[in-house]
Amino acid sequence: MKAELALEEAKRCLDCENAPCSKACPSGRDIPNFIEKIKESDLNGALEILMENNPLPGICGRVCPSPCQANCVRGKTDEPIRIPDLERYVADQGEVEIKPATTDDRRNIAIVGSGPAGLTAGYFLARDGHRVSIYEKFPKPGGMLRYGIPDFRLSKDVLDKEIGRIEDTGLKIKLSEYVEDIDNLFDRGYDAVFIGIGAPKPSWMDIPGEELEGVIHAISFLKKANLGEKIKLGKKVAVVGCGDVALDAARFANRLGSEAFIVYRRSREQMPASEEEFEECNEEGVKFNFLTNPKRFIGDNGKVTSMECLRMELGEPDSSGRKRPIPIEGTEFTIEVDNVIEAISQQPDTNWLKRNNLEINKWNCIEVNEDKYNTSRDAVFAAGDVVTGPKTISWAIGTAKKAIKSIRKFWLC
Ligand code: SF4
């Protein structure tokens, strides 16, 4: 966004008293006030305001589905304020000096995982003046931000710049360090542990034929693609699911020379992906098959060649609030495929957490006390996808901020 356009857009903001945009933001950004600073051409001040609540503004400005913009009151009369574009502009152009506080009660805090939840917790706790170490099992920081989102949506330069700002707090990111034992962290002198390992484990549909060669999961596919590893795909690639991960996988497959298409059991109105990514997918030639669900994958010589699908219709809303997809019996039909990429969901890897006596709930997530993010173990906190299951980056940031409130209170006990 150019400076003149940003200024023009900022001037359209009504500076609403109750700011429904901010209320809709899971990370709680002070939107009217950062826009006010743009009006004053004070981009450093605007960035400072954003980073009071969200240490990843350049990332959220690019990949957040933006409930803030959807709730902007200007949308009722003309066009909503382009909040993510303004946020991205400020994050790219502004500079901020991070000054950690000094405290007489300086604690040692270990954070496991350097995705959005871990980076957020680390940023705010280091700013409080604590000694913070983030343990990351991969050779580079960022978790799913680095290994799950393609470069064409979020460049690694933007990610590195934002992580660099977070490191300016003085926190240390220990790369290629795999934590398996929480007791060991306490033995090494940490006063509290925060777990933000996300939900990087594939969830499968559990239908016949998933073992066939050529059926893969979007999480493994995107990780390989982001690492630049060689991936061999056939011409026709079906991507099952319609969230951002599914659409990212379809776009990536197209860029690798395949003809990717989406298969989704609900209708367009119910798709979890953002409208913006849907439009971009369309522009790039990805086709959508709504109200369609695979029943089984069919193969020849151990390799997938087609999939049998059923037409679906929508019934009453289910627990997610969206209309339940119901198979229409007798509507089976076959689609030829060379590959299937499943992208229906993912879940946390909780095996090591169970070994560490953390309570895991029926959704395979860490059980925490509601809105406080204490786990079943004393001095161990958790937030982000490992608690909520897969959600947006700003959700992960919002939950990490709630966990930090509990950590701050924990010192006072
Ligand atoms: Fe500005 Fe829209 Fe937020 Fe009102 S709701 S403060 S117009 S961005």
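This text goes with the structure placed above it.
Read on for an overview of the structure. As the structure is a prediction and not an experimental result, all values here were calculated from the model.

1. Quick word on the overall build of the protein chain
Along the backbone of the protein chain there are 18 helices and 16 strands. In summary, the protein chain has a C-alpha radius of gyration of 22 Å against a globular reference of 22 Å for 413 residues, a match within 12%. Expressed as lengths along the three principal axes of its C-alpha atoms, the size of the protein chain is roughly 70 × 55 × 45 Å. The long-range share in the protein chain, meaning contacts at least 24 apart out of those at least 6 apart in sequence, stands at 68%. About 19,300 Å² of surface is accessible on the protein chain, with carbon and sulfur atoms providing 45% of the total. Taking the average location of the 58 positive side-chain charges in the protein chain and that of its 67 negative ones, the two points are 1 Å from each other.

2. A word on the nonpolar core
Formed by 80 residues in total, the largest nonpolar core has its most connected members in F34, I59, V90, L145, F194, I195 and I366. A total of eight residues in this core trace back to one element, the largest contributor, which is helix α18 (residues 393-412). Excluding its chain neighbours within four sequence positions, the residues that come into contact with I59 are C64, L145, L154, V158, L159, E162 and I393. By size, the runner-up hydrophobic cluster in this structure holds 25 residues, among which are A249, A253, C281 and A343.

3. A short note on the packing of helix α4 (residues 43-51) against helix α8 (residues 83-93)
Two quantities define a packed helix pair, namely the angle between the helix axes and the distance between the axes. Axis separation between α4 and α8 bottoms out at 9 Å; the angle between their running directions is 110°. If you check the angle between α4 and α8, you find them roughly perpendicular. Judged by the twist between their axes, the crossing of α4 over α8 is left-handed. Two secondary-structure elements touch here, α4 through L43, A46, L47 and L50 and α8 through E87, Y89, V90, A91 and Q93. Residues belonging to the contact of α4 with α8 are distributed by class as follows: seven nonpolar, one polar and one charged.

4. Notes on the site of the ligand
In the region of the ligand, the neighbouring residues are C13, L14, D15, C16, P20, C21, P32, C72, V73, R74, I81 and I83. With respect to the pocket detection grid, the ligand is positioned in the largest cavity. Taken together, the residues of the shell around the ligand sort by class into ten nonpolar, no polar and two charged.

5. Things to note about the sheet that holds strand β16 (residues 380-382)
The strand order β3-β2-β1-β4-β16 describes an open sheet built from five strands, whose pairing is parallel. Only two strands of the sheet have a single partner each, and these edge strands are β3 (172-174) and β16. Ignoring strand direction, the axes of neighbouring strands in this sheet form an average angle of 20°. For strand β1 (residues 108-112) and strand β2 (residues 131-135), the ladder comprises five bridges, and the chain directions are parallel. When the bridges of β2 are listed, N108 appears paired with R131. Set on the sheet, helix α9 (residues 116-127) makes contact with β1, β2, β3 and β4 (192-195); between it and β2 the angle comes to about 165°.

6. A closer look at helix α1 (residues 3-11)
Regarding α1, the residues found buried are A6, E9 and A10. One face of α1 carries all of its buried residues, which in axial projection span an arc of 100°. Projecting away from the buried face of α1 at angles above 90 degrees are the exposed residues E4, E8 and K11. On its buried side, α1 packs onto α3 (31-39) and α8.

7. Description of the pattern of salt bridges
Throughout the structure, instances matching the rule amount to 28 salt bridges. The shortest N-O distance in the salt bridge between R127 and E52 comes to 3.4 Å. In this pair, R127 sits in helix α9 while E52 sits in the loop between α4 and α5 (57-63), placing the two residues 75 residues apart along the sequence. For D78, the salt bridge is made with R74, and the minimal N-O distance between the two is 2.7 Å. Members of the salt-bridge network, linked through shared partners, are R153, D248, R251, R255, E277, E280 and E284.

8. Section: the packing of aromatic side chains
Within this structure, the stated rule accounts for ten aromatic pairs. Ring geometry for F278 and F290: centres 6.4 Å apart, planes at 45°, overall tilted. On the criterion of sequence distance, the pair formed by F278 in helix α15 (residues 275-283) and F290 in the loop between β9 (287-289) and β10 (292-300) is long-range, its members being twelve residues apart. Among the residues examined, F278 registers a relative accessible area of 5% and is labelled buried. Measuring from ring centre to ring centre gives 5.6 Å for F288 and F290, while their planes differ by 20°; the resulting arrangement is stacked. The class of F288 is buried, set by a relative accessible area of 17%. Over the face of the ring belonging to F333 we find R311, whose NZ or CZ atom lies 4.0 Å from the ring centre. Lying across the ring of W395, K391 places its NZ or CZ 4.3 Å from the centre.

9. Structural notes on the side chain of N356
Within the secondary structure layout, N356 lies in the loop between α16 (351-355) and β16. In this structure the side chain of N356 is engaged in a polar contact, spanning 2.7 Å, whose partner is the backbone oxygen of W352. If near-sequence neighbours (up to four positions away) are discounted, N356 is found in contact with E180, D181, I182, D183 and R377.

Criteria and cut-off values
- Residues numbered from 1 in each chain as written.
- Predicted model: local features only at pLDDT ≥ 70, side-chain atom pairs only at ≥ 80, totals over all residues.
- Heavy atoms only, no water.
- Helix = DSSP H or I, 4+ residues; strand = E, 2+ residues; numbered from the N terminus.
- Rg over C-alpha atoms; globule rule 2.2 N^0.38 Å.
- Contact = heavy atoms within 4.5 Å.
- Areas by Shrake-Rupley, 256 points an atom, 1.4 Å probe, with all protein chains shown as cover.
- Lys, Arg positive; Asp, Glu negative; His and termini not counted.
- Charge placed at Lys NZ, Arg CZ, Asp CG, Glu CD.
- Core = buried A, V, L, I, M, F, W, Y, C linked by side-chain atoms within 4.5 Å.
- Buried < 20%, exposed > 50% of the residue type's maximum accessible area, 1.4 Å probe, protein only.
- Axes fitted to C-alpha atoms, helices over the stretch in contact; angles between N-to-C directions.
- Parallel < 35°, antiparallel > 145°, perpendicular 65-115°, else oblique.
- Left-handed = near helix turned anticlockwise from the far one by under 90°.
- Nonpolar A, V, L, I, M, F, W, Y, C, P; charged D, E, K, R; others polar.
- Near = heavy atom within 4 Å.
- 1 Å grid on protein atoms, 1.4 Å probe; cavity = no way out; pocket = protein on both sides within 12 Å on 5 of 7 lines; lining within 4 Å.
- Sits in = over half its atoms within 2 Å of the grid points.
- Pairing = 2+ DSSP bridges.
- Arc of directions from axis to C-beta.
- Salt bridge = Lys/Arg side-chain N within 4 Å of Asp/Glu carboxyl O.
- Phe/Tyr/Trp six-rings, centres within 6.5 Å; stacked < 30°, edge-to-face > 60°.
- Lys NZ or Arg CZ within 6 Å of the ring centre and 35° of its normal.
- Polar contact = N/O pair within 3.5 Å; in protein donor to acceptor, adjacent residues only side chain to side chain.

In short, shape yes, function no, at least from these values alone.
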